[in-house]
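Listed below are the residues making up each chain.
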Amino acid sequence: MLSHWLYIGVFVLVALFLPAVAISLAAILAPKKPNKIKVSTYECGMETVGPSIAQFKVQYYVYPLFFLIFDVEAVLLFPWAVAYNQLALYGVIEAMLFILILLGGLAYAWRKGALDWR
Amino acid sequence: MSFWSDPFTAVQQWFNNLLASIGLGPIGVQIVGMLVGVFILAVGPMLFTIFLIWVERKVISHIQDRIGPNRVGPFGLFQPFADMVKIGIKEHITPRGTDWLPYNLSPILAVAAVLLVWAVIPFTVTFFGVDLNVGLLFIIAVGTLGELAIILAGWGSNNKYALLAMFRSVAQLISYEIPMVLCAIVPVILAGSLDLNDIVKAQTPWFIVTAPATAVIFFIVSVAEIGRAPFDLTEAESELVSGFNIEYSGLKFGMFYVAEFLHTFTVALIFATLFLGGWRGPGAEQYPILGFIYYFIKVGITYFLLMLVDGTLPRLRIDQMMNLNWKVFTPITLVVLVVFPLVDKLMADTATWLRVIALAGSNMLILFIGERITTSRLPRNPAEVGSRERPVARPENFATEPDTGVRR
């Protein structure tokens with residue numbers, strides 16, 4: 001079991017190592033001739049105005065919140081799905097209630113217009 | 001067992017014997033064997049990507065009634081190599097004000113996130129990186145790393161366009177993660193395990209037969225996850241300036257493309273493993289090489305379907321895309337998760353074929369009814385901000401009210 005995670009650990013290192021080596025090699029091979037215009041921020045030829053951390057729509061914040069809710073739900077459902085074959089009908093109904101509550105939440109958010117793209 | 005029935009194990013044993021004959025202990029043999037295995041499994045996909053780029057360009061150009069690459073080498077086979085060399089010796093332009101670590105880590109992480117999936121995919125009954133008992137969860141977890149790479153790229157680039165494109169991409173990707181994860185629960189229910197080997201072994205019949213609607217939704221959501229047409233809003237070439245990778249150049253930019261091409265194939269691997277029976281087929285248990293061939297035929301068909309979808313469908317608008325996810329796929333997959341186990345438990349005592357028909361029927365029924373109900377409630381056009389009636393530049397609209405002397 002531990003050797004499995006050791007394998008994953010080695011794989012993570014190698015998977016990070018390979019593209020890093022490729023980019024480093026290319027960086028050695030590539031020419032290096034920066035000038036003022038080249039290294040300026042690219043905005044289709046326009047002069048950059050103000051800081052680059054621009055204001056963004058609140059919608060981009062609302063979707064991650066929903067993502068968090070449903071992802072945590074999925075994390076809770078995976079152990080249930082693994083244990084599913086040993087469960088009686090009652091275990092299934094319990095999970096059903098859990099999902100139905102979340103469906104209710106989704107319906108509420110939908111009704112309130114939180115899922116509309118503005 | 002002869003070499004031809006299982007070349008992977010045979011090569012592995014030959015290599016282990018070779019190491020032992022040099023004089024390594026059993027632990028040394030294991031460690032060196034593991035390192036070499038990891039390198040093969042990580043370098044293989046990256047080299048394979050070069051071939052995938054050629055396949056993709058050929059297929060897309062035939063869809064568009066073009067010939068595609070045909071100059072460099074037979075059938076243009078060496079074109080990707082030429083492109084690789086060309087992009088490899090391009091200058092790395094690093095704009096002023098970029099955050100060094102996020103900016104440089106992002107392309108590496110994008111490739112690593114896709115490569116990591118290959119560690120747990122069972123290619124045959126004997127040939128796989130590692131038989132992880134939480135394999136499916138691992139795939140979902142490393143899939144999210146790709147989104148982290150996009151966030152780093154957008155945040156580190158010091159560019160408004162990159163930042164906004166990052167928000168768009170991440171909003172799309174994390175939204176489509178939800179139905180993907182919820183669809184992945186259905187194979188887990190049927191197999192009773194998160195282990196990908198167990199999921200493959202449990203597929204009699206294939207899960208696409210038992211849960212067709214789930215498989216279809218999983219496929220569509222996979223297309224969205226890899227950011228291809230009709231969900232390619234992340235880098236709509238004709239509308240935006242390339243998206244979150246706008247400030248990248250040279251091989252750093254190339255790495256994002258490697259990640260994208262490889263991700264497409266990886267998604268086909270995952271789909272074939274979860275729903276098309278993986279390496280299963282007649283004689284695959286005795287002759288693992290046959291399983292390998294079956295698996296790659298299934299993956300090839302899925303990959304070809306992905307390319308067909310990419311080449312033929314027009315792009316969605318962003319509000320349509322978000323509505324499709326949150327108001328169609330998410331409710332339907334949730335209802336599937338309610339009904340599917342219930343039908344399964346109620347039909348537990350009946351014959352297998354009857355159970356499969358009931359499960360597949362209920363699955364398809366939910367998709368058809370759910371699709372009708374949910375799409376009928378979708379708005380035609382996005383909600384408007386502000387008013388449509390704007391004042392026209394006419395003399396009467398310029399007239400101000402007479403000054404009454406009262407200060408407001």
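Residues numbered from 1 in each chain as written. Chains lettered and ligands numbered in written order. Predicted model: local features only at pLDDT ≥ 70, side-chain atom pairs only at ≥ 80, totals over all residues. Heavy atoms only, no water.

**A short note on the overall build of chain A**
Logical step 1: Along chain A, the regular secondary structure elements total three helices and zero strands.
Logical step 2: The order of helices and strands in chain A, counted from the N terminus, is α-α-α.
Logical step 3: Relative to a compact globule of 118 residues, whose C-alpha radius of gyration would be 13 Å, chain A shows 25 Å and is clearly more extended.
Logical step 4: Expressed along its principal axes, the backbone C-alpha trace of chain A runs to roughly 70 × 50 × 15 Å.
Logical step 5: Burial status across chain A gives 34% buried among its 118 residues.
Logical step 6: Look at the contacts in chain A between residues 6 or more apart in sequence, and 63% of them connect residues 24 or more apart.
Logical step 7: Carbon and sulfur atoms provide 73% of the accessible area of chain A, an area that totals close to 7500 Å².
Logical step 8: Distance between charge centres in chain A, computed from 8 positive and 6 negative side chains, equals 15 Å. (Helix = DSSP H or I, 4+ residues; strand = E, 2+ residues; numbered from the N terminus. Rg over C-alpha atoms; globule rule 2.2 N^0.38 Å. Buried < 20%, exposed > 50% of the residue type's maximum accessible area, 1.4 Å probe, protein only. Contact = heavy atoms within 4.5 Å. Areas by Shrake-Rupley, 256 points an atom, 1.4 Å probe, with all protein chains shown as cover. Lys, Arg positive; Asp, Glu negative; His and termini not counted. Charge placed at Lys NZ, Arg CZ, Asp CG, Glu CD.)

**Section: helix 9 (residues 212-225) of chain B**
For an α-helix, the turn length of 3.6 residues means that residues three or four places apart are oriented alike.
Residue and element names in this part refer to chain B.
Logical step 1: In this model helix 9 runs 20 Å from its N-terminal to its C-terminal C-alpha over 14 residues, within 8% of the 20 Å that 1.5 Å per residue would give.
Logical step 2: Of all 14 residues in helix 9, twelve are buried, a share of seventy percent or more.
Logical step 3: Those residues of helix 9 that sit buried are Pro 212, Ala 213, Thr 214, Ala 215, Ile 217, Phe 218, Phe 219, Val 221, Ser 222, Val 223, Ala 224 and Glu 225.
Logical step 4: Remark: Gly 227 follows helix 9 within two positions and exhibits a positive phi of approximately 65 degrees. (Expected span 1.5 Å × (residues − 1).)

**Focus: the interface of chain B and chain A**
Logical step 1: With 87 residues of chain B at the interface, the matching set in chain A holds 73 residues.
Logical step 2: Of the roughly 7200 Å² buried at the junction of chain B and chain A (both faces included), carbon and sulfur atoms supply 79%.
Logical step 3: For chain B, the biggest contributors to the area lost against chain A are B:Lys160, B:Trp326 and B:Lys345; these three give 10% of the whole.
Logical step 4: For the salt bridge of A:Glu43 with B:Lys160, the shortest nitrogen-to-oxygen distance reads 3.5 Å.
Logical step 5: Here chain B and chain A share 14 residue pairs in polar contact (both at pLDDT 80 or more) between them.
Logical step 6: Looking at the side of chain B that touches chain A, the elements that each hand over two or more residues are helix 2 (26-63), helix 4 (100-117), helix 5 (135-156), helix 6 (160-191), helix 10 (250-275) and helix 12 (318-346) of chain B.
Logical step 7: At 18 residues, helix 6 of chain B tops the list of elements feeding residues into the side of chain B that touches chain A.
Logical step 8: Of the residues belonging to the side of chain B that touches chain A, the class tally is 60 nonpolar, 13 polar and 14 charged. (Buried area = accessible area lost by both parts, 1.4 Å probe. Salt bridge = Lys/Arg side-chain N within 4 Å of Asp/Glu carboxyl O. Polar contact = N/O pair within 3.5 Å; in protein donor to acceptor, adjacent residues only side chain to side chain. Nonpolar A, V, L, I, M, F, W, Y, C, P; charged D, E, K, R; others polar.)

**Considering the side chain of B:Glu177**
Logical step 1: If you trace the backbone, B:Glu177 turns up in helix 6.
Logical step 2: Here B:Glu177 occupies a buried position and makes no salt bridge, while the nearest side chain of opposite charge, B:Arg228, is found at 16 Å.
Logical step 3: Aside from chain neighbours lying at most four places away, what touches B:Glu177 is A:Phe67, B:Ile140, B:Thr144, B:Glu147 and B:Glu225.

**Digging into the environment of B:Met46**
Logical step 1: Its location among the elements puts B:Met46 in helix 2.
Logical step 2: Setting aside its immediate chain neighbours within four residues, B:Met46 contacts A:Leu18, B:Val111, B:Leu115 and B:Met255.

**A short note on the environment of A:Leu115**
Logical step 1: Position of A:Leu115 relative to the elements: it lies in the segment after helix 3 (89-112).
Logical step 2: In sequence terms A:Leu115 and A:Val62 are 53 residues apart; their C-alpha atoms lie 8.4 Å from each other.

**So, a nonpolar patch on the surface**
All names here are of chain B.
Logical step 1: Where nonpolar side chains cluster on the molecular surface, the patch consists of Ile 63, Tyr 287, Leu 290, Ile 293, Ile 297, Ile 301, Phe 304, Leu 305 and Leu 308 and spans about 760 Å² of accessible area.
Logical step 2: A per-element tally of the nonpolar patch places helix 11 (residues 288-312) first, with seven residues.
Logical step 3: You can see Ile 301 is positioned in helix 11. (Patch = residues over 30% accessible without salt bridge, like charges linked within 9 Å, V, L, I, M, F, W, Y side chains within 5 Å.)

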